[in-house]
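As a plain string of letters, each chain reads:
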Amino acid sequence: MPSTTLSTLHPGEFATIVAIHAEEALHQRLLALGFRSGKQIELIRKASFSGPLQVRIGTTDILLRRSEATKITVCRV
Amino acid sequence: MKRVALLGMPNTGKSTLFNRITGGAARVGNWPGITVELLSGKILLGGDMVEIIDLPGIYDLHGFSDDEQVVRHFLHDNVPDLALVILNATQIERQMSLLLQLKQLNMNLVVLLNMADEAKKYGITIDGKKMSELLGVPIFLLSGKYGTGYPEALQAITKALRYPTPGMAEQLRSQLEQDVHIEAEMARVLKHAVQIPAQLPENLTEKLDRVMLHPWLGLPIFFAIMYLLFQAIFLLGQPLQEWVGEALGWLRESALDPAFAGLPAWLSGLLLDGAYNGVATVAAFVPLIVLFFLFMAMVEDSGYLSRAAFLMDALMARLGLDGRGFVMLLMGFGCNVPALMGTRVMRSRAMRLLTMLVIPFSLCSARLQVFVFITAALFSPKAAPVVLFSLYLFSFAAAIVTALLFKGKFKSSEPFVLELPPYRFPTAYQIVMRGWLEIRHFLRRATKFIIAGVVLIWLLTNLPPSAAPAGGDTLAGMLGSFMQPIFAPIGINEQLTIALIFGFVAKEIVIGALAVIYGLSGTALGGALGQQLDWVQAYSFMLFTLIYMPCISAIATMRSESRNMGFTLFAIGWSLALAWLMSFAFYQGARALGY
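Residues numbered from 1 in each chain as written. Chains lettered and ligands numbered in written order. Predicted model: local features only at pLDDT ≥ 70, side-chain atom pairs only at ≥ 80, totals over all residues.

Trainee: For this particular structure, what's the right way to read the overall build of chain B?
Mentor: Tallying secondary structure elements over chain B gives 25 helices and 10 strands in all. Its C-alpha atoms give chain B a radius of gyration of 28 Å, near enough to 25 Å, the size a compact globule of 595 residues would have. Across its three principal directions, the C-alpha atoms of chain B cover 85 × 60 × 40 Å. Looking at chain B as a whole, 45% of its 595 residues qualify as buried. Across chain B, the fraction of contacts at a sequence separation of at least 24, relative to all contacts at a separation of at least 6, is 74%. (Helix = DSSP H or I, 4+ residues; strand = E, 2+ residues; numbered from the N terminus. Rg over C-alpha atoms; globule rule 2.2 N^0.38 Å. Buried ≥ 20, exposed ≤ 12 C-beta atoms within 10 Å, placed from the backbone. Contact = placed C-beta atoms within 7 Å.)

This is the structure in structure tokens:
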């Protein structure tokens, strides 16, 4: 499966996190919220007007901007 | 006194728990090593007084957000005797990393797994005893919302406090590399002690979100909720405000006026028109702030505020703000003071300051009174609504221009990655507690400043004693004529300048001030204004009134919330500059076009 970024997923799609290419502050925050390579992630919805994304990892729902989502490489399941 | 620090991730119900443990008897205080204030409360535990400190919620002990640094610096400079770690039981598999990080510091720990009731609903079972054994720290399941599980936890805290602190290792940073170890240990404990269903059952939150965050319906619903909230706060608040005003007026007429009648006129004027009116100004905000925070607590605790951030972020990100800032900006259209206090939900200081800079441009209900009076006096009934509407547009424009100009200066380094908590029904206890804490905070912080401001304006408009109050011979009058070179180019005469000085106290009193200055009231005052001013001057006056600092209470709130006098002065200075520039552009433009 070719890898892509989190921002290209469609609502309802599942993926596995492959890598996180973020600066340290963002990386720490993502780690703390459960973003780790190998984890499964689901894109729940995207806000209108290029707004943020809602994703789910385990039991946690997380909002993040698309610019931040492009830094997360995932592999569709 | 022994010190207990409350630690945990955001959305763990930490503050609710804190309020329960301390019984709401908390106070705000400063601590060495950090620049933000923290809530702390003293309680009696096992015969000793113990101080409990509510630290900001953090995701990661080694993180770089403002809050994470605050916690690190606090722990470094104020080593607690015990860290009470609050974890959200429904997210145990993620939250345990924080606990293990804390454990590595060799701190004295007691762990509370909060929201045990909610975890049960998700089908998550946690073996507290087993987990306690594996980790080697006391662990208790409880529900902060319903108040179960407390006695055991308090007992354990009392016991844990008897042992001396092992001493805090100053190796915080070096531990960053050890996250691999943390992960392995997490997996080990989770595997043995926690069972989570593979796929969570669809719950109420998901069903609600399908409507509330719908691509097309989400925004209209958001605006409808904001509108209802706004209406509720001010429909309930205004009569309350009037009652408070009437009660204070009655007290003055029936008790204070006769009691002070023997004093010289200047002294009773200073005490009653100055100091007592200052108290009345503060009191008038009390019902509004209580209501505002009762409703805000509902919005926040229910989880809707994060949804608002999701819906509005696309627009607000371009202004350097976030969706929560937009909610506060909207609330500012009712009253700026609680809106400024409400920015506390934003955790990034830079973004919070930018939001506070923008909120005072929201056309609040007090300014609306001034505009309604002047438009009625100077514009035809047909033109008046258009004029009012245009002022709302200018209000938004001033906010947007300010945000765009200064977003570089107040750049938020905080990534926009937020947790979306499930919808929860806040309990009445939580809501009332919030309203009570906020009002106490406001009264404690703002009262002196507001009363001092009101007294100062009274002195300006009544000294020297020989001059007629608010006349041209008073200090305010002299200031007015001194500033004429500045105000003449925007079409504002001396009398109106004095009214603007009054306007620093509160916009509600601008019309009252004009009545004193002109010696007329009601329709007669309207007529006099109509004769003396043309519509271009009147509109210029309204523009200036709209944009410069709303009132002394807003200034006091801004100062106490930012804890930075320099920032407050900058906000005042910028609002004055922008007010002058916009009025100047309008006045000279209109005159150049021949109006």
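Trainee: In this structure, what is going on with the overall build of chain A? I would like to understand it.
Mentor: Counting secondary structure elements, chain A contains 2 helices and 6 strands. Ordered by position from the N terminus, the helices and strands of chain A form the series β-β-α-β-β-β-α-β. Its C-alpha atoms give chain A a radius of gyration of 11 Å, near enough to 11 Å, the size a compact globule of 77 residues would have. Along the first, second and third principal axes, the C-alpha set of chain A runs to 30 × 25 × 25 Å. Burial statistics for chain A: of 77 residues in total, 43% are counted as buried. Pairs at least 24 apart in sequence give 59% of the contacts found in chain A among residues at least 6 apart.

Trainee: In this structure, what is going on with the confidence of the model for chain B? I would like to understand it.
Mentor: Low-pLDDT stretches of the model should not have their predicted coordinates read in fine detail. Residues and elements named next belong to chain B. Looking at chain B as a whole, its pLDDT mean stands at 84, while 93% of the residues score no less than 70. The spread of mean pLDDT over the elements of chain B runs between strand β2 (residues 26–29), the lowest at 69, and helix α25 (residues 565–592), the highest at 95. The ipTM assigned to the predicted complex is 0.91, against a pTM of 0.75. (pLDDT = per-residue confidence, 0-100.)

Trainee: Help me out: how do you make sense of the interface of chain B and chain A in this one?
Mentor: Quoted interface sizes are often the accessible area lost when the parts come together. The interface of chain B with chain A comprises 30 residues on the first partner and 27 residues on the second. Among the secondary structure elements, those contributing two or more residues to the side of chain B that touches chain A are α3 (92–104), α11 (304–318) and β10 (417–419) of chain B. Across the side of chain B that touches chain A, the residue classes break down as 17 nonpolar, 8 polar and 5 charged. Of the pairings in the sheet, the one linking strand β5 (residues 60–64) of chain A to β10 of chain B comprises 3 bridges and is antiparallel in character. Bridge assignment links Ile-62 of chain A to a residue of β10 of chain B, and that residue is Glu-419 of chain B. (Nonpolar A, V, L, I, M, F, W, Y, C, P; charged D, E, K, R; others polar. Pairing = 2+ DSSP bridges.)

Trainee: I'm lost on the environment of Leu-82 of chain B in this one. Help?
Mentor: All names here are of chain B. For Leu-82, the location among the structural elements is in strand β5 (residues 82–88). On the basis of neighbour counts, which here come to 22 C-beta atoms within 10 Å, the residue Leu-82 falls in the buried class. Separated by 455 residues in sequence, Leu-82 and Gln-537 place their C-alpha atoms 65 Å apart. Ignoring any residue separated from it by four or fewer positions in sequence, one finds Leu-82 in contact with Val-4, Asn-108, Val-110, Ile-157, Ala-160 and Leu-161.

Trainee: Explanation requested: the sheet that holds strand β6 (residues 72–76) of chain A in the structure shown.
Mentor: Spatially, 7 strands are ordered β1(A)-β6(A)-β2(A)-β3(A)-β4(A)-β5(A)-β10(B) in an open sheet, and the strand pairing comes out antiparallel. If you trace the sheet from one side to the other, it starts and ends with β1 (3–5) of chain A together with β10 of chain B, each paired once. Strand-to-strand, the axes of this sheet are offset by a mean angle of 40°, without reference to chain direction. Of the pairings in the sheet, the one linking strand β2 (residues 14–20) of chain A to β6 of chain A comprises 5 bridges and is antiparallel in character. What sits directly across from Ile-17 of chain A, in β6 of chain A, is Val-74 of chain A. (Axes fitted to C-alpha atoms, helices over the stretch in contact; angles between N-to-C directions.)

Trainee: Would you mind showing me how to read the domain arrangement of chain B here?
Mentor: Segmentation of chain B into domains returns domain 1 (2–195) and domain 2 (466–592). Put simply, the middle of domain 1 of chain B and the middle of domain 2 of chain B, counted by C-alpha atoms, are 52 Å apart. (Domains from an automatic or database assignment.)

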